[in-house]
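Observations on chain architecture
Here are the chains, one letter per residue:
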Amino acid sequence: MRATRAIAAPGAVLAAAGLLSACGLGGEKEQSIVDKGSLVIGVKEDQPALGVKRPGGAYEGFDVDVATYVAGKLGVPRSRLTFRTTNSSVREAALANGEVDMIVATYSITAKRKAKVTFAGPYYVAHQDTFVRADAGAIRNVRDLKGKRICAVKGSNSWRRVIEERKVAAQPVEVGTYGACMDALAGGRLDAVSTDDLILAGFATGRPGRMINAPFTDEKYGVGLKKGDLRGCEEVNRAITDMYQDGTAQRLLNKWFGGSGLKLTTSVPQFEGCT
């Protein structure tokens, strides 16, 4: 009997270890961003004033600055950050498979996305508005988009907010990015681009056309983390709070959008809660 027990005991230890690994206890698969000495951060590369990739490969914009500040509060300096272009259509997959550690890329928090992503924040609450050509005087609010060709970026919910939530019978035209949307608008292939006002404000600089200034949603920009990283979410929320309380948020908003004419919010947003 003693020999049998002696043999069985190591097996039980191995089984227990396997169970702990499968549960993610101590396993690297469940590692929080707060445990990492370097971070890969998903951003946009074609959104002026928010996330732009320069010819030399460097990224800049409000989202990039927010991500850099948050990472610094987590103990990761700029020198150990890698920014990676992460378009709307691949954000959930990029977090799930570990291509990026967090995403700061005008990533609106929605109930559907919460099923796949843990969101910290929001770090800013934008509002959906609409940009049209200068000669489109008949388009004054979201209802005037009925029958109009509007941009539908794959992976983005903006066009759905017009057609499905507001029940406006616009015609969605699928386009890869918002930069391409603005080009299509200028080229006459679209009648309107409706999305977050911060995105539109960035693109509007130096382009012909006008913002209709008729916002109709709240877009809560969250920091996307791998599903289940609640510890990381709580630490990011603390960093965002600090960013507003120490004046950094106001400075960054004025830096990137101060000349846009938008009314900017500089108080701490109401957090969604880490789930």
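In this text, all values refer to a predicted model and were calculated from it rather than measured experimentally.

1. Things to note about the nonpolar core
In terms of nonpolar packing, the biggest core is built from 56 residues, with Y123 and Y124 touching the most fellow members. With seven residues, helix α2 (residues 62-73) is the largest single contributor of residues to this core. Filtering out sequence-adjacent residues up to four positions away, Y124 remains in contact with F62, L198, E219, K220, Y221, Y244, L253, K263, L264, T265 and P269. Grouped together as the second largest cluster of nonpolar side chains are 15 residues, I150, V162, A170 and A192 included.

2. So, the side chain of D65
Note that D65 resides in helix α2. Side-chain polar atoms of D65 contact the side chain of W256, separated by 2.9 Å. If near-sequence neighbours (up to four positions away) are discounted, D65 is found in contact with L252, K255 and W256.

3. A few points about the state of the cysteines
Under the criterion given, the structure shown has two disulfides. Each disulfide pairs two cysteine sulfurs, and for C233 the partner residue is C274, the sulfurs being separated by 2.0 Å. For the disulfide bridge between C233 and C274, the dihedral angle about the S-S bond is near -85°, and by the sign convention the bridge is left-handed. Placement of C233 in helix α8 (residues 230-245) and of C274 in the segment after α9 (248-257) is noted, with a sequence separation of 41 residues between them. The class for C233 is buried, based on a relative accessible area of 0%. According to the relative accessible area criterion, C274 is partly exposed, its value standing at 23%.

4. Describing the packing of aromatic side chains
What the rule picks out here adds up to six aromatic pairs. Ring geometry for F62 and Y124: centres 6.4 Å apart, planes at 80°, overall edge-to-face. Residue F62 is located in helix α2, and its partner Y124 is located in strand β7 (residues 117-126); the two are separated by 62 residues in the primary sequence. The exposure classification of F62 matches that of Y124, with both residues buried. Ring pairing ties together the aromatic residues F62, Y123, Y124, Y221 and F257, which thus form one cluster.

5. With respect to the sheet that holds strand β2 (residues 46-47)
Strands in a sheet are paired, the pairing made by backbone hydrogen bonds, and the direction either parallel or antiparallel. The three strands lie next to each other as β2-β3-β4, forming an open sheet whose pairing is antiparallel. Strands with a single pairing partner mark the edges of an open sheet, and in this sheet they are β2 and β4 (59-60). As defined by bridge partners, strand β3 (residues 51-53) adjoins β4 across two bridges and the pair is classed as antiparallel. Following the sheet pairing, V52 is matched in β4 by E60.

6. Side note on α9
Of the residues making up α9, those classed as buried are T248, A249, L252, L253 and F257. All buried residues of α9 project into a common sector of 130° when viewed along the axis, lining one side.

7. Observations regarding the confidence of the model for the chain
Across the chain, pLDDT averages 89, with 89% of residues at or above 70. Scored below 50 in pLDDT, residues 1-28 makes two contacts in the model with residues more than four places away or belonging to other chains.

8. Details of the packing of α2 against α8
Think of two packed helices as two axes; the pair is described by the angle between the axes and how far apart they sit. The contact between α2 and α8 brings their axes to 9 Å, and the two run at 115°. As for the relative orientation of α2 and α8, their crossing is right-handed in sense. Side by side, α2 and α8 meet where V66, Y69, V70 and K73 of the first sit next to V236, A239, I240, D242 and M243 of the second. Taken together, the residues of the contact of α2 with α8 sort by class into seven nonpolar, no polar and two charged.

9. Section: the packing of α2 against α9
Orientation of α2 relative to α9, taken along the N-to-C sense of each, is 160°, at an axis distance of 10 Å. Regarding the angle of α2 to α9, the classification is roughly antiparallel. For α2 against α9, the interelement crossing comes out right-handed. Between α2 and α9, the contacting residues are F62, D65, V66 and Y69 on the first element and T248, L252, L253, K255, W256 and F257 on the second. Each residue belonging to the contact of α2 with α9 can be placed in one class, and the counts come to seven nonpolar, one polar and two charged.

About the criteria used
Residues numbered from 1 in each chain as written. Predicted model: local features only at pLDDT ≥ 70, side-chain atom pairs only at ≥ 80, totals over all residues. Heavy atoms only, no water. Core = buried A, V, L, I, M, F, W, Y, C linked by side-chain atoms within 4.5 Å. Buried < 20%, exposed > 50% of the residue type's maximum accessible area, 1.4 Å probe, protein only. Helix = DSSP H or I, 4+ residues; strand = E, 2+ residues; numbered from the N terminus. Contact = heavy atoms within 4.5 Å. Polar contact = N/O pair within 3.5 Å; in protein donor to acceptor, adjacent residues only side chain to side chain. Disulfide = S-S within 2.5 Å. Phe/Tyr/Trp six-rings, centres within 6.5 Å; stacked < 30°, edge-to-face > 60°. Pairing = 2+ DSSP bridges. Arc of directions from axis to C-beta. pLDDT = per-residue confidence, 0-100. Axes fitted to C-alpha atoms, helices over the stretch in contact; angles between N-to-C directions. Left-handed = near helix turned anticlockwise from the far one by under 90°. Nonpolar A, V, L, I, M, F, W, Y, C, P; charged D, E, K, R; others polar. Parallel < 35°, antiparallel > 145°, perpendicular 65-115°, else oblique.

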